[in-house]
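Spelled out, the chains give:
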Amino acid sequence: MQEMRLKEKYNQIVPKLSEKLGKKNLLAIPRITKVVINAGIGKFKDDKGLIESVIKDISLIAGQKANPTRAKKAISNFKIRAHDVVGVSVTLRGPRMWAFLDKLINIALPRVRDFRGVKKTSFDQKGSYTLGLREHVVFPEINPNTVDKIKSLEITIVTTSRNKEESFVLLEALGMPFEKGK
């Protein structure tokens, strides 16, 4: 099964991570807890057909039904009313998370135009990694010939690590293609 490929790789690298991070307790070794995929709708919020299209595409990519994200309050400068749909979000855990990460690392990222690696600086203080994709058509589930609008995505990989360095070591060991140098 595809989703177990990356999970098995993680299980194999745990001893190496333990040694590299200097942690004797296996429960202290960082692991990935969830992956959150977000897509903002932006100026197309009034087009109901496009909102359904975004939900369908994100659901195909994630392998799980995506939920519309609604505005909490009205913002007149952006012409947003309270409870308007402003985006689409899906949270992946378990086997679906591993399958998505495997697909992201091995299929989608290499298909990005002029790809030189993902930035090493996109970690937050808690060790979560956020990555933006300008085109959702890099995923194999999306047929570029039937897409009406190209959508951008934000993918957040949430880990149990306590800092950026541990999270970087984990993702690098799993095969995340980081930029060379810098």
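Everything here concerns the structure above.
Bear in mind the structure is a predicted one, so any value in this text is a computation, not a measurement.

### Some thoughts on the overall build of the protein
Scanning the protein from terminus to terminus reveals 4 helices and 5 strands. The order of helices and strands in the protein, counted from the N terminus, is α-β-α-β-β-α-β-β-α. Taken against the 2.2 N^0.38 rule, which gives 16 Å for 182 residues, the C-alpha radius of gyration of the protein at 18 Å falls within 12% of a compact globule. Dimensions of the protein, computed from the C-alpha atoms along their principal axes, are close to 55 × 35 × 35 Å. Counting only residues that meet the buried cut, the protein has 43% of its 182 residues in that class. Contacts spanning at least 24 positions in sequence make up 68% of the contacts within the protein whose residues lie at least 6 apart.

### Side note on the side chain of Ser18
Looking at the secondary structure, you find Ser18 in helix α1 (residues 2-21). With relative accessibility at 14%, the residue Ser18 sits in the buried group. Once residues within four sequence positions are removed from consideration, Ser18 is found in contact with Lys23, Lys24 and Ile29.

### A word on the pattern of salt bridges
According to the stated counting rule, one finds 6 salt bridges in the structure shown. A salt bridge links Glu141 to Lys103; its shortest N-O distance comes to 2.6 Å. Within this pair, whereas Glu141 is found in the loop between β4 (129-133) and β5 (153-159), its partner Lys103 is found in helix α3 (residues 94-108), the two being separated by 38 residues in sequence. Of the residues examined, Glu141 reaches a relative accessible area of 32% and is grouped as partly exposed.

### Quick word on the nonpolar core
Val35, Ile37, Ile58, Phe100, Leu104 and Phe139 are the most contacted members of the largest nonpolar core, which totals 51 residues. Broken down by secondary-structure element, the contributors of at least two residues to this core are α1, β1 (32-40), α2 (48-62), β3 (85-92), α3, β4, β5 and α4 (164-174). Every residue in contact with Phe139, bar those within four places of it in the chain, is listed here: Ile61, Phe100, Lys103, Leu104, Ala108, Arg111, Leu133, Leu153 and Ile155.

### What about the environment of Ile157?
Tracing the chain through its elements places Ile157 in strand β5. Sequence-wise, Ile157 and Thr33 are 124 residues apart; in three dimensions their C-alpha atoms are separated by 8.0 Å. Excluding anything up to four places from it in sequence, Ile157 contacts Ile32, Lys34, Val35, Leu101, Ser128, Tyr129, Leu171 and Met176.

Analysis parameters
- Residues numbered from 1 in each chain as written.
- Predicted model: local features only at pLDDT ≥ 70, side-chain atom pairs only at ≥ 80, totals over all residues.
- Heavy atoms only, no water.
- Helix = DSSP H or I, 4+ residues; strand = E, 2+ residues; numbered from the N terminus.
- Rg over C-alpha atoms; globule rule 2.2 N^0.38 Å.
- Buried < 20%, exposed > 50% of the residue type's maximum accessible area, 1.4 Å probe, protein only.
- Contact = heavy atoms within 4.5 Å.
- Salt bridge = Lys/Arg side-chain N within 4 Å of Asp/Glu carboxyl O.
- Core = buried A, V, L, I, M, F, W, Y, C linked by side-chain atoms within 4.5 Å.

In short, the description is geometric, and any link to function would need to be established separately.
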